[in-house]
Amino acid sequence: MKRKVIAGSDHGGYALKAALVARLREDGWDVEDVGVETERSVDYPTYAFEVAKRIVADPNALGLLICGTGLGMSVAANKVPGIRATVCSEPYSSTMARRHNDANVLCMGGRVVGPELGWSTLSAFLETEFEGGRHQRRLDLIAAAECGSLP
Ligand code: RB5
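Fair warning: this is a prediction, and the values are worked out from it, not measured in the lab.

Asks: It is not clear to me how the pattern of salt bridges should be interpreted in this structure. Could you clarify?
Replies: Pairing is possible between side chains that carry opposite charge, provided their charged atoms lie close to one another. Following the criterion strictly, the structure yields 12 salt bridges and no others. We note a salt bridge from Lys17 to Asp33, for which the minimum N-O separation is 2.8 Å. In this pair, Lys17 sits in helix 1 (residues 14-26) while Asp33 sits in strand 2 (residues 31-33), placing the two residues 16 residues apart along the sequence. Classification of Asp33 by relative accessible area gives partly exposed; the value is 25%. With its nearest N and O atoms 3.0 Å apart, the salt bridge here joins Glu116 to Arg23. Placement of Glu116 in helix 5 (residues 115-127) and of Arg23 in helix 1 is noted, with a sequence separation of 93 residues between them. Classification of Arg23 by relative accessible area gives partly exposed; the value is 29%.

Asks: Honestly, the site of the ligand in this entry has me stumped. Any pointers?
Replies: Neighbouring the ligand are the residues Asp10, His11, Tyr44, Cys67, Gly68, Thr69, Gly72 and Arg111. A distance of 2.9 Å separates an oxygen atom of the ligand from a polar atom in the backbone of Gly72. Side-chain polar atom of Arg111 to an oxygen atom of the ligand: 3.3 Å apart, as the coordinates give it. Within the complex, 70% of the 290 Å² of free accessible area of the ligand lies under protein. Along the lines of polarity and charge, the residues of the shell around the ligand split into two nonpolar, four polar and two charged.

Asks: Is there a simple way to explain the packing of helix 1 against helix 5 in this structure?
Replies: Angle between the axes and distance between the axes: these two values describe a pair of packed helices. At a closest axis distance of 10 Å, the pairing of helix 1 and helix 5 adopts a crossing angle of 55 degrees. With respect to their mutual orientation, helix 1 and helix 5 come out oblique. For the pair helix 1 and helix 5, the sense of crossing is right-handed. Across from Leu16, Leu20, Arg23 and Leu24 in helix 1, the residues of helix 5 making contact are Pro115, Glu116, Gly118, Trp119, Leu122 and Leu126. A breakdown of the residues in the contact of helix 1 with helix 5 according to their chemical character gives seven nonpolar, one polar and two charged.

Conventions used here
Residues numbered from 1 in each chain as written. Predicted model: local features only at pLDDT ≥ 70, side-chain atom pairs only at ≥ 80, totals over all residues. Heavy atoms only, no water. Salt bridge = Lys/Arg side-chain N within 4 Å of Asp/Glu carboxyl O. Helix = DSSP H or I, 4+ residues; strand = E, 2+ residues; numbered from the N terminus. Buried < 20%, exposed > 50% of the residue type's maximum accessible area, 1.4 Å probe, protein only. Near = heavy atom within 4 Å. Polar contact = N/O pair within 3.5 Å; in protein donor to acceptor, adjacent residues only side chain to side chain. Areas by Shrake-Rupley, 256 points an atom, 1.4 Å probe, with all protein chains shown as cover. Nonpolar A, V, L, I, M, F, W, Y, C, P; charged D, E, K, R; others polar. Axes fitted to C-alpha atoms, helices over the stretch in contact; angles between N-to-C directions. Parallel < 35°, antiparallel > 145°, perpendicular 65-115°, else oblique. Left-handed = near helix turned anticlockwise from the far one by under 90°. Contact = heavy atoms within 4.5 Å.

Below, the structure written as structure tokens:
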């Protein structure tokens, strides 16, 4: 089943987000787009936190955050407990981000990847499931650290 996608960007990621959201909808995905809708300069943490909060509230959904590099979005989104946001610029990394890290937010750079590479990176992310097993143990260590328990 296709999962819901919650997308957001700043001005640096707007063009790529718009292209990918349109393509996702054409492909039958249910997409919630929290903005932005123009290239006017905004602060990326606002959109990172908005998407992150909605992903935590809806664990079946997957997030897409795009800024100029993907980096600021990932730093901000990962401040929200329960978020595992990874920056990926090609499909191998985005596949592994799901398979091994159970990443729930994909971050990309609108000034790094073009629409085709962005689409293949996003498609791989959305179509790959978490493997569990030994990887769950590692995620449990990260979740414990989030609650203040560092080994
Ligand atoms: C905005 O110019 C840029 O700093 C932002 O889009 C992002 O790349 C930050 O990490």
